[in-house]
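# A closer look at the structure
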Amino acid sequence: MTVRPEEERQGESRRALPRMPRFARVLIGIALVIGVALAILWLQRKPIADSFVRDELRKRGVPARYRIADLGLSTQRLEDVVIGDPAHPDLVADWVEVHTDLSFSGAKVTGISAGHVRIRGALQNGTLSLGAIDKLMPPPSGKPFSLPSLNVRVADARMHLETPYGVAGLKLSGEGRLDDGFHGTLAAVSPRMAVGECTAERLAAVLKIAVSDQRPAIEGPLRASMARCAGVALTRPGAQLDVTLNEAFDRWQGKADIDLDAVAATQARAQAVKGSVTFSGGAKTTQGTLELTSGAFASAMLSGKGAQIDGRYRAGSAGNGFTGSIAATGAALPRAMLARAGALKETAPGTPVAPLLAKLGDALIRAGRSADISAELTVDSQAKGGLIRVQRAMLHSASGADVTLSGGEGVRYRWPDGAMTLDGRIGMAGGGLPDAAISLSQRAP
């Protein structure tokens, strides 16, 4: 038997193994190099990203401080974020996360999450400015405003907002896709807001916000200590809002259940007003319906224990108007009108009709002291004055008297000069009044 050396046997074993092709060895080498490079990049991703972000901030002239807490493929987290002048920063956040989606076309931001955020903003010429943050925004596209398709989750974001109308403080929390599915709560306070001739003092609101198909829906209470508009003052006005805005935020529709302690105008005032108002329109013109009741009220033509108003209105830069009905309980005519009724006693002294006129005057005075009244009217108000027209009216007095007004132009009252005309048919009966129908036509005030 022949024994072969160990070296000979190992050589034959090596010759039995197939040789790896050259290109395969090259590919493996390249893969190893790429793998090592990727590993180095992954380990150094924070310094690289930090350098890139700082270069971009420097190019755009945006002062900022932050700390990169995590840098993953789908989520990037920054902490202790400060953007803007450190003495008066435009944004401060304890943490912010940016969520991205990687594809062959590149990276796309799909969402933003944040903890406690503080922002300073200003509304200028209809555009919201966020100071140094504006330099980080993409350039205007020229397209109409629309909410972005971005998933947002905010724990507590607060904004100090300066506007041409006043300063407001806002607080927002919520989550969902901004253009469809977002739900959150917005709280707002302002010491004073003024829009045109309208002002409001100590405004406060807590509103629920829900966005569906680009249209935000807002629901919740709004209250102020005082509001004034076009010569009308409201004491402690409040409203439970249910509003839907369009995609551009420049038109609205909805309903408000309102209550206020008092309302006062140049020629009228009322206590404890409650009811509902619907509205639809935009900044130039808004119209809708209203149903309101009040406690004690007083005006140049009438005062009483309670009132009710029901009809349609319009409001805007072209003027304000109303068409509908009013009703009053425990109503009394002004003293000047009662004095005119009493003057009938002195109309024809010493004549056979004097006793009848005196009796009529007493009956009118009793009827005018306390009665339930209803009327149909229209109101047209412009910047320099307005006109009230009572077309039909009915009075039922506590004295038993009934008086109706119908036909013609009715009663027309104009302000601020106080001119009044009467044109129509007056019917009366009961309460000491004669059964009569009188037609009047007054062409001038």
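Keep in mind that this is a model prediction, so the values were computed, not measured.

### Quick word on the overall build of the protein
Regarding its fold elements, the protein presents five helices and 25 strands. Counting across all 445 residues of the protein, residues that qualify as buried make up 31%. If you take every contact in the protein between residues at least 6 apart in sequence, the share linking residues at least 24 apart comes to 43%. For the protein, the exposed surface amounts to about 27,400 Å²; the carbon and sulfur share of it is 60%.

### Section: helix H5 (residues 354–369)
Taking 1.5 Å of rise per residue, 16 residues should cover 22 Å, and H5 covers 23 Å from first to last C-alpha, within 8% of that figure. If you check which residues of H5 are buried, you get Ala354, Leu360, Gly361, Ala363, Ile365, Ala367 and Gly368.

### Some points on the pattern of salt bridges
Tallying each qualifying case throughout the model produces 18 salt bridges. Between Asp213 and Arg215 there is a salt bridge; the shortest N-O distance is 3.6 Å. Take Asp213: its relative accessible area is 49%, and that puts it in the partly exposed class. Residue class for Arg215 comes out partly exposed when judged on its relative accessible area of 35%.

### Structural notes on the side chain of Gln76
Tracing the chain through its elements places Gln76 in strand S2 (residues 75–83). Polar contacts involving the side chain of Gln76 include one to the side chain of Thr100, which spans 3.3 Å. If we skip the residues at most four places from it in the chain, Gln76 touches Asp70, Leu71, Val96, Glu97, Val98 and Thr100.

### Focus: unusual backbone geometry
Between Trp415 and Pro416 the backbone carries a cis peptide bond, its omega angle lying at 15°. Here Pro416 lies in the loop between strand S23 (402–415) and strand S24 (420–430). Here the phi dihedral of Arg202 falls at roughly 50°; this positive angle occurs in a residue that is not glycine. You will see that Phe249, though not glycine, has its phi angle at about 65°, which is positive. Relative to the assigned elements, Phe249 resides in the loop between strand S13 (238–245) and strand S14 (251–264).

### Thoughts on the state of the cysteines
Enumeration over the complete set of coordinates arrives at one disulfide. Across a sulfur-sulfur distance of 1.8 Å, Cys198 and Cys229 are joined as a disulfide pair. One end of the pair, Cys198, is in strand S9 (residues 198–212); the other, Cys229, is in strand S11 (residues 226–229), and 31 residues separate them in sequence. According to the relative accessible area criterion, Cys198 is partly exposed, its value standing at 27%.

### Remarks on the pairing of S11
Inspection of the sheet shows S9 paired to S11 by three bridges, in the antiparallel sense. Opposite Glu201, over in S11, you have Met226 as the bridge partner. Pairing between S11 and strand S12 (residues 232–235): four bridges, direction antiparallel. By the bridge assignment for S12, Met226 is matched with Thr235. Adjacent in sequence and paired antiparallel, S11 and S12 are bridged by two residues, among which Ala230 carries a positive phi angle near 50°.

Here is what the cut-offs are and how they apply
All residue numbers here refer to positions counted from 1 along the written sequence of the relevant chain. Where totals are concerned, whole chains, interfaces and linings use all residues; where local detail is concerned, this predicted model gives features only for residues with pLDDT of at least 70, and gives and counts side-chain atom pairs only at 80 or more. To obtain the side-chain values, all non-hydrogen atoms of the structure were included, while hydrogens and water were left out. Only runs of H or I of at least four residues qualify as helices and only runs of E of at least two qualify as strands under DSSP, and these elements are numbered from the N terminus. Exposed residues in this analysis have more than 50% of their type's maximum accessible area, buried residues have under 20%, and partly exposed residues fall in between, with area computed by a 1.4 Å probe over protein chains only. By definition, residues are in contact when any of their heavy atoms lie within 4.5 Å. Note on areas: these come from Shrake-Rupley sampling with a 1.4 Å probe, and a residue is covered only by the protein chains present in the view. Helices are assigned an expected span. That span is 1.5 Å times one less than the residue count. Criterion for a salt bridge: a side-chain nitrogen of Lys or Arg within 4 Å of a carboxyl oxygen of Asp or Glu. A 3.5 Å cut-off defines polar contacts: any pair of N or O atoms within that distance qualifies, except that in protein one atom must be a possible hydrogen donor and the other a possible acceptor, and neighbouring residues in sequence count only when both atoms are side-chain atoms. The disulfide definition used here is simple: a pair of cysteine sulfur atoms within 2.5 Å. Here, a strand pair is defined by DSSP locating no fewer than two bridges between the strands.

Honestly, it's all geometry; don't read function into it.
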